[in-house]
Amino acid sequence: MTPPLAAAGFANDEAVLIPMEMHSPVDLADDLERFRNKLTSYLKPDEVARIESAYVFGNAAHLGQFRSSGDPYISHPLAVADTLADWHLDAQALTAALLHDVMEDSAVPKQEIAEKFGKAVADLVDGVSKIDRIENQSFEEAQAENFRKMLLAMARDVRVILIKLSDRLHNMRTLGAVPPHKRRRVARETLDIYAPIANRLGLNALYRQLQELAFRHLRPLRYRVLEKAVKRARGNRRQVVDKIMEALRLRLPEAGIEAEVMGREKHLYSIYRKMRQKHLSFSQVLDIYGFRVIVKDTPTCYLALGVLHGLYKPVPGKFKDYIAIPKANGYQSLHSTLIGPYGTPVEVQIRSHAMHHIAESGVASHWLYKDETALDELQKKTHKWLKSLIELQSASGDSTEFLENVKVDLFPDEVYVFTPLGKILVLPRGSTAVDFAYMVHTDIGNRCVACRINFEMMPLRTELRNGDRVEIITADLPNPNPTWLSYVKSSKARAQIRHFLKTQQTDESMALGERLLGQALHGLGVELDDLSNAVWDRFVRGCGAKSKHAVLTDIGLGKRHTAIVARQLVADRQLEGGVPLKNKRQVSILVNGDDGVAMQLAKCCRPIPGDPIVGIIRKGQGLVIHTHDCRSIGKSGHERDNWVDVDWAQGIERFFEVNIRIVTENRRGVLAKITSEIAAGGSDIQNVSIENDPGRYTTLNFTLQVTSRIHLARIMRGLRRITEVVRITRTKD
Ligand code: MN
């Protein structure tokens, strides 16, 4: 029996020697005819019709586009779908294969594909396009393993990977048409990324072929030398091969075993690799003869092994039972090395037909061998193997449908993203840009203020997706935000943020506490420095605090009432016989606008220098600065105790955000006039929203950056001069 994949041009070992001939133009009509015949051999007429309509659609989308070879572009998706038809993939996958480049190359929106060909097909095309996009990222060679994982994780459907692999196969087959430097890059990528994925999926024949093609383009000279050497050696080997073949074909039936025996040619790339890795000469590598024996079932495999060991002496330590213990990708066979005629080593692989199918076509064997009698055994094995592949945690048994398992999260707990330099980082699923920043470096995490994801400014809390390119924008000074703790996922980020906040909060709060207490004491006619250590000691002991520092920190955090502490200290001091109280005017805490943990500007009224302000200390919030007329502070009169006298520091040099509302006439170009006036006034626009009103007037809400009230007034004056502007107000909501 000929393995069906041999017909597909892969399994037959001899077919792997690829002639270096010139490209001949494709004959589309011919290819299409062949493709159609394959389809009708296993698909229903309505499915075939749908696939044909996808071809027509794809052809129109790619019209006027050409391959490097000069062939019309549609020849490529057609070849990709054709390979998948060899694997008997379903109609959805074939439809998607024909359309796999229309999103990236012809800008056809996903929605349109979904409307015409269904959501499943659109998802497959989208999956392939996403992989195409990350392919264009440069990545470090050492990261190949992570890149492969990222790719598998992004696919989410095994069929996406099969389309991608088939895509890569055709690109490799037509690689001769692209410029040499690009050829080498693609070949290297194929060897590092795609061939191992094919191997992992058990697509052995495809794996070998990708390797051979990549080798040929990466090391063209060595490839040619080896190719010639193998051809020359084949003649000399023929005699030995025939002799062994004859012995096997005679002995096995004698023992009642029906078997298919075939000689195995070595692949050029594997010869090359063995020569390099084991430092062997060409003849040493080639002097090993390989045979494959295929029998009907598992017990017969062991029977055949017995017969072969009786025929030629086995080499001790060379027997491997991959039937009892299959390889990770599902591969099963018995391997043994025998001493053949003339003392030459003979490697044999013994396997059943079902094992052979899986060995050659891995995950694709599910589609390929659907109708065969061995289906049960095969399906069970494929299933089991897929399960090990996807590392499903809940081994639920055989009742699960195969296709449900085709859609899988290959790496459910991880997300793979790029740094701007192409390094791949592995983060826990659900991680945000903040997690990423801390993963790069603790210092980057502490100083991060914004991020770009795939070259677009995004909020720091954005959840990262596989393949994202993440760039962190940092400030000069560290400033982690307590709200980050509510969404970071990685334990590293969490621990570092906590650590920073704790240290910083203590320092800042203590400083603030000192200022607050100083102010309160001053109001009572005592200076902080006037208090002796003895007064402090008594107070600390009396209130059960750990130390003076702890008391000051507590005040800064709003945990202790400043006025009460101040009065108590003053009373203690008088007990000690201190000088009587002088009446002094209260002095203000100075605000310079640097937001911190201990002192913040209120988000409701957004005070700017020049505004009359008031500070309010609240437990757990530290000191919050509001404008005098802020509505949020007037509501609760009983908080007056917590009011703190504050004032703006002199010479503040930084920007503050402020909201203004502008009502203008609805006229063309008015927004441009306003924004250029704001820019001319030396302010940046942080945000603008437009209240849609179809009538005569429009309301625009701006968030601007200004240095002070005077600056704002100047800008507003400028804006009023614009004729269309009806009203400008500063908003404090
Ligand atoms: Mn393609």
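Residues numbered from 1 in each chain as written. Predicted model: local features only at pLDDT ≥ 70, side-chain atom pairs only at ≥ 80, totals over all residues. Heavy atoms only, no water.

Chemist: What is the right way to look at the sheet that holds strand E13 (residues 599-601) in this model?
Modeler: Two strands in a sheet stick together by hydrogen bonds in their backbones, pointing the same way (parallel) or opposite ways (antiparallel). Spatially, the four strands line up as an open sheet ordered E13-E15-E14-E16, and their pairing is mixed. Looking at which strands have only one partner, the edges of the open sheet turn out to be E13 and strand E16 (643-644). With six bridges connecting them, strand E14 (residues 613-618) and strand E15 (residues 622-627) associate as antiparallel partners. Each residue of the ladder has a partner; that of Val-614, found in E15, is His-626. (Pairing = 2+ DSSP bridges. Helix = DSSP H or I, 4+ residues; strand = E, 2+ residues; numbered from the N terminus.)

Chemist: Before we go on, may I ask you to explain the pattern of salt bridges in this structure?
Modeler: Note on pairing: side chains with opposite charge can pair once their charged atoms come close. Under the counting rule described, the total for this entry stands at 27 salt bridges. In this structure, Arg-560 engages Asp-554 in a salt bridge whose closest nitrogen and oxygen atoms are separated by 3.2 Å. Overall, Arg-560 belongs to the partly exposed group, its relative accessible area being 22%. Residues participating in the shared-partner salt-bridge network are Lys-110, Lys-119, Asp-123, Asp-126 and Lys-130. (Salt bridge = Lys/Arg side-chain N within 4 Å of Asp/Glu carboxyl O. Buried < 20%, exposed > 50% of the residue type's maximum accessible area, 1.4 Å probe, protein only.)

Chemist: Any chance you could explain the nonpolar core here in plain terms?
Modeler: Among soluble globular proteins, nonpolar side chains are generally buried collectively. Formed by 86 residues in total, the largest nonpolar core has its most connected members in Phe-35, Leu-99, Ile-113, Leu-165 and Leu-210. The contacts of Leu-99, once residues within four sequence positions are left out, are Ala-54, Phe-57, Gly-58, Ile-113, Phe-117, Val-121 and Val-125. (Core = buried A, V, L, I, M, F, W, Y, C linked by side-chain atoms within 4.5 Å. Contact = heavy atoms within 4.5 Å.)

Chemist: Sorry, what's going on with the pairing of strand E9 (residues 448-453) here?
Modeler: Side chains on a regular strand alternate between the two faces of the sheet. The pairing of E9 with strand E11 (residues 470-474) spans five bridges and is antiparallel. Bridge pairing in E11 places Ala-450 opposite Ile-473. Here E9 pairs with strand E10 (residues 456-458) via three bridges, running antiparallel. From the neighbouring strand, Cys-451 faces E10, where its bridge partner is Met-458. The hairpin formed by E9 and E10 contains two residues between the paired strands, and Asn-454 there has a positive phi angle of roughly 50 degrees.

Chemist: Help me understand the state of the cysteines in this model?
Modeler: A disulfide bridge is the covalent bond that connects two cysteines by way of their sulfur atoms. Enumeration over the complete set of coordinates arrives at zero disulfides. Sulfur of Cys-605: no disulfide; nearest cysteine sulfur belongs to Cys-630 and is 3.7 Å away. Judged by relative accessible area, Cys-605 falls into the buried class, the value being 1%. (Disulfide = S-S within 2.5 Å.)

Chemist: Explain the packing of helix H2 (residues 28-42) against helix H3 (residues 45-61) to me, please; I cannot follow it from the model alone.
Modeler: Working note: a packed helix pair is described by the angle between its axes plus the distance between those axes. With their axes 10 Å apart at the nearest point, H2 and H3 run at an angle of 155 degrees to one another. The angle between H2 and H3 falls in the class roughly antiparallel. Taken as a pair, H2 and H3 cross one another with a handedness that is right-handed. Seen from H2, the contacting residues are Leu-28, Leu-32, Phe-35, Arg-36, Leu-39 and Thr-40; seen from H3, they are Val-48, Ile-51, Glu-52 and Tyr-55. Among the residues forming the contact of H2 with H3, the class breakdown is seven nonpolar, one polar and two charged. (Axes fitted to C-alpha atoms, helices over the stretch in contact; angles between N-to-C directions. Parallel < 35°, antiparallel > 145°, perpendicular 65-115°, else oblique. Left-handed = near helix turned anticlockwise from the far one by under 90°. Nonpolar A, V, L, I, M, F, W, Y, C, P; charged D, E, K, R; others polar.)

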